[in-house]
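Examining the three-dimensional arrangement
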Amino acid sequence: MASKLKTFTNLHGYTVTTLLHQNRSLSSNPSSRILTPINQSHYRKRILLANLLQRYGFPPSSLQHFLSRNNHLLNSDLVETETSLGILLSLKIPQKSLVSLICDCPNVLRSEFLRKWRVPLFDCGKHGVSSSAIKSVLEHSSRIGIGPDKFYECIRVLKGLGFCDSTVSRILSSFPGVLLVNEIEIHRKIEFLVGIDIPRDNIERFFHVFPEVLGIGTETRLKPLLDEFINMGFSKDDIKKEIAREPRVLGLELGELPRCLELINTLKCREVIRVSILSEGAFRAGFKVKLRVDCLCKYGLIRRDAFKVVWKEPRVILYEIEDIEKKIEFLTNRMGFHINCLADVPEYLGVNLQKQIVPRYNVIDYLKLKGGLGCDIGLKGLIKPSMKRFYNLYVKPYPECERIFGKRKENARVNKRHPVGLWKLMKPSSHLTTKEDVVNMKSFIESLA
């Protein structure tokens, strides 16, 4: 029977090694050299399930971990599992999103769950609801047990407000918890926004930009937040202007903006940086700090360390969120450092990625491969040295690193301020000497004698 299983699995790449490894581990145990029919059936089903998931786009590298975490799938019928996968594909969910959905929430493969949701979601897909919204609804409903009736009710309310398909998709995708928000609470949010001078024809844009506001309590969070802004000294007109400009302002926690402004007031930086930070007003500056702190926390820093990084490196406030994310991804994915290194070297986020970080990393990486470094160079040794010191330490002794690092600014040719030959145009015209001038000069000389 073991040779038969081996012949079967030779037709498939991933499952061969898994099965042989399991058989070897069994044969090494004298008490388990003979496979029972139950074990054989278990291994065979595991192989078939792995092959099925591979056909639907699962990467082989993550299959073993996924199956070990979800042993209940081995007890399900493979035919029903394949039917469930086919239903999910029929909803036009992209393959990458489908794999992510199943990994994060394997309960969506239950046949009874998909039977309830297939028709509602298929109808919405035909009416313009995006695949990302369908994915979010499936994931949220499978976790907390919401039925299609809540989904139908939510779609009816949103469509009744006159929202277009893209706005409905955006709300369902970013905030699937809207399925649990009743119609009365949604109307309270609209009345609250109208009360702070948000035009009714701009309500849809507001919800499109910040759909999470639908899950924030009007009486418990939104109104106390406005009172806090007023107590901080901001006028009602300034508050309304900032909310209309950036709806995510309403996502601030109570006490969060005062803490951000306190951080700005205690910054130890050059005056030009402070002026740039406050160029759009204190309110906007405080909200920028909040966004940068949230960005750092999203990648794994605790809030205390995130505030510490922004306080030590104020230039982070001036960089766009996209630039900060690129630097963090380069730090963790390419350089191999942990996000917590930023707490010790916050200067990393204050320098230019393409002009300073990438060239220095390429030089150090090359020297590591060549064995030219006597010790490991950490993030501090990579970022802290000045351009001249880094060049003298790691580039100048190795001529081949000149090409990797690029030309230094002081060695670059300095462009002249004015075009060649401009002096000729600016040269004053010469004065012609006349006979009268000669006579006058002679008489002047004679008078001196």
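Here's a quick rundown of the structure. Just so we're clear, the structure is a prediction, and the values are computed from it rather than from any experiment.

1. Points about the overall build of the protein
Scanning the protein from N- to C-terminus turns up 27 helices and zero strands. Counting every position in the protein, which comprises 449 residues, the buried fraction comes to 41%. Summarising the internal contacts of the protein: among those between residues at least 6 apart in sequence, 69% fall at separations of at least 24. Of the roughly 26,000 Å² of accessible surface on the protein, 54% is carried by carbon and sulfur atoms.

2. Remarks on a nonpolar patch on the surface
A cluster of nonpolar side chains, namely Phe444, Ile445 and Leu448, defines an oily patch on the protein surface of about 350 Å² accessible area. Following the sequence through the fold, Leu448 ends up in helix 27 (residues 435-448). With relative accessibility at 60%, the residue Leu448 sits in the exposed group.

3. With respect to the state of the cysteines
The full count for this structure, using the stated rule, is zero disulfides. Considering cysteine sulfurs only, Cys295 is the nearest to Cys297, which forms no disulfide, with 9.2 Å between them.

4. So, the nonpolar core
Of all hydrophobic cores here, the largest spans 122 residues; its most connected members are Leu138, Leu172, Phe207, Leu250 and Tyr348. The element best represented in this core is helix 17 (residues 282-298), accounting for eight residues. Among residues more than four places away in sequence, those in contact with Leu250 are Phe192, Leu193, Phe206, Phe210, Val213, Ile216, Arg221, Leu222, Leu225 and Ile243.

5. Overview of the packing of helix 15 (residues 256-265) against helix 18 (residues 303-312)
Packing of helix 15 against helix 18 leaves a shortest axis separation of 10 Å and a crossing angle of 35°. Contacts between helix 15 and helix 18 pair Glu256, Arg259, Cys260 and Leu263 from the former with Arg303, Phe307, Val310 and Trp311 from the latter. Residue composition of the contact of helix 15 with helix 18, grouped by class: five nonpolar, no polar and three charged.

6. Considering the side chain of Arg360
Considering the arrangement of structural elements, one finds Arg360 in helix 22 (residues 353-370). Classification of Arg360 by relative accessible area gives buried; the value is 3%. Those residues in contact with Arg360 that sit more than four places away from it in its chain are Leu382, Ile383, Pro385, Ser386, Met387, Phe390 and Phe405.

7. Structural notes on the packing of helix 11 (residues 183-195) against helix 13 (residues 218-231)
Close contact between helix 11 and helix 13 brings their axes to 12 Å; oriented N to C, the two are set at 10°. Taken together, the axis directions place helix 11 and helix 13 in an arrangement best described as roughly parallel. For the pair helix 11 and helix 13, contact is made by Glu185, Arg188, Lys189 and Phe192 and by Thr218, Leu222, Lys223 and Leu226, respectively. Taken together, the residues of the contact of helix 11 with helix 13 break down into three nonpolar, one polar and four charged.

Rules of the game
- Residues numbered from 1 in each chain as written.
- Predicted model: local features only at pLDDT ≥ 70, side-chain atom pairs only at ≥ 80, totals over all residues.
- Heavy atoms only, no water.
- Helix = DSSP H or I, 4+ residues; strand = E, 2+ residues; numbered from the N terminus.
- Buried < 20%, exposed > 50% of the residue type's maximum accessible area, 1.4 Å probe, protein only.
- Contact = heavy atoms within 4.5 Å.
- Areas by Shrake-Rupley, 256 points an atom, 1.4 Å probe, with all protein chains shown as cover.
- Patch = residues over 30% accessible without salt bridge, like charges linked within 9 Å, V, L, I, M, F, W, Y side chains within 5 Å.
- Salt bridge = Lys/Arg side-chain N within 4 Å of Asp/Glu carboxyl O.
- Disulfide = S-S within 2.5 Å.
- Core = buried A, V, L, I, M, F, W, Y, C linked by side-chain atoms within 4.5 Å.
- Axes fitted to C-alpha atoms, helices over the stretch in contact; angles between N-to-C directions.
- Nonpolar A, V, L, I, M, F, W, Y, C, P; charged D, E, K, R; others polar.
- Parallel < 35°, antiparallel > 145°, perpendicular 65-115°, else oblique.

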